[in-house]
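What follows is each chain in one-letter form.
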Amino acid sequence: MTESRSEIDRIDVATEVDLAMMERAIELADRAAALDEVPVGAVVYRDGTIIAEAFNNRHAARDPTGHAELLAISRAGRALGDWRLNDCSLAVTLEPCPMCAGALVNARMGRLIYGISDPKAGACRTLYQIPTDPRLNHEVTIIAGVLADRCVALLREFFEERREINRQRRGAERQPTESRRIS
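In this report, the structure presented in the accompanying data block is examined. These numbers were taken from a predicted model, which means no experiment stands behind them.

Remarks on the overall build of the protein chain
Each helix and strand in the protein chain was counted, giving six helices and five strands. In sequence order, the protein chain lays out its α and β elements as α-α-β-β-α-α-β-α-β-β-α. Per-residue burial over the protein chain gives 39% buried out of 183 residues. Excluding contacts between residues fewer than 6 apart, the proportion of contacts in the protein chain whose partners are at least 24 apart in sequence is 57%.

Here we look at the sheet that holds strand β1 (residues 41–46)
Within the open sheet, the five strands sit side by side as β2-β1-β3-β4-β5. Their pairing is mixed. What marks the edges here is a single partner per strand, and that holds for β2 (49–55) and β5 (141–144). Shown here is a sheet whose adjacent strand axes are inclined to one another by a mean of 15 degrees, direction ignored. Note that β1 and β2 share six bridges and pair antiparallel. Residue V44 lies in a different strand from β2, and its bridge partner there is A52. In the packing of helix α6 (residues 148–174) onto the sheet, the strands contacted are β3 (89–94) and β4 (111–116), and the crossing angle to β4 comes to about 60 degrees.

With respect to the pairing of β3
Burial runs high along β3: six of the six residues are buried. In this structure, β1 lies alongside β3, joined through four bridges in antiparallel fashion. Bridging from a neighbouring strand, A42 pairs with V92 of β3. Pairing analysis gives five bridges linking β3 to β4, with the strands arranged parallel. Across the sheet, A91 pairs through a bridge with I113, a residue of β4.

Considerations on the packing of aromatic side chains
Using the criterion set out here, one finds one aromatic pair in the structure. Seen in terms of ring centroids, F158 and F159 are 5.0 Å apart; in terms of plane orientation they differ by 85 degrees. Their pairing is edge-to-face.

With respect to unusual backbone geometry
Look at D36: it is not a glycine, yet its phi comes out positive at around 65 degrees. The residue D36 is located in the loop between α2 (16–34) and β1 in this model. Non-glycine residue D47 carries a positive phi angle of around 50 degrees. On the secondary structure map, D47 appears in the loop between β1 and β2.

Reading the values: the criteria
- Residues numbered from 1 in each chain as written.
- Predicted model: local features only at pLDDT ≥ 70, side-chain atom pairs only at ≥ 80, totals over all residues.
- Heavy atoms only, no water.
- Helix = DSSP H or I, 4+ residues; strand = E, 2+ residues; numbered from the N terminus.
- Buried < 20%, exposed > 50% of the residue type's maximum accessible area, 1.4 Å probe, protein only.
- Contact = heavy atoms within 4.5 Å.
- Pairing = 2+ DSSP bridges.
- Axes fitted to C-alpha atoms, helices over the stretch in contact; angles between N-to-C directions.
- Phe/Tyr/Trp six-rings, centres within 6.5 Å; stacked < 30°, edge-to-face > 60°.

The values reported here are purely geometric and, on their own, carry no functional implication.
If you want it as structure tokens, here you go:
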């Protein structure tokens, strides 16, 4: 099957619904941060209706797969009674990692909308291009940079707070302790 020139040149842009769903993902990311989780939120939706949503919970659940994207995808499959989510979109605040990008392909997700790129683990456009790799059995349409300023501010604030807490802890550990004589 050959693509027409207009399909090749098509540039996907975020719709008003996509923006609203990213707003919701940002709210969920705020909830994650309040629980001392890395602030990532994800929403699976179809035709403007939220099917499932989640935020990171790796620490609380003690689960390395507790990524917002995986949780939302899993919940969406259960809610719809089908593992195929090809008519759904996922809005997430941070570019998915290899594990989550693979889940997008395996779930046959129709579209991915994300806020900011992840230079350390991004597997959609930054380090890898898993969802658009033509060698795989499904390709996901990607729209990147949606509400990026707000998404980066969330992560920056979270990690600045964590660095300050760690500096304070290190400083407290270096404080000399009062010596006591035991008679």
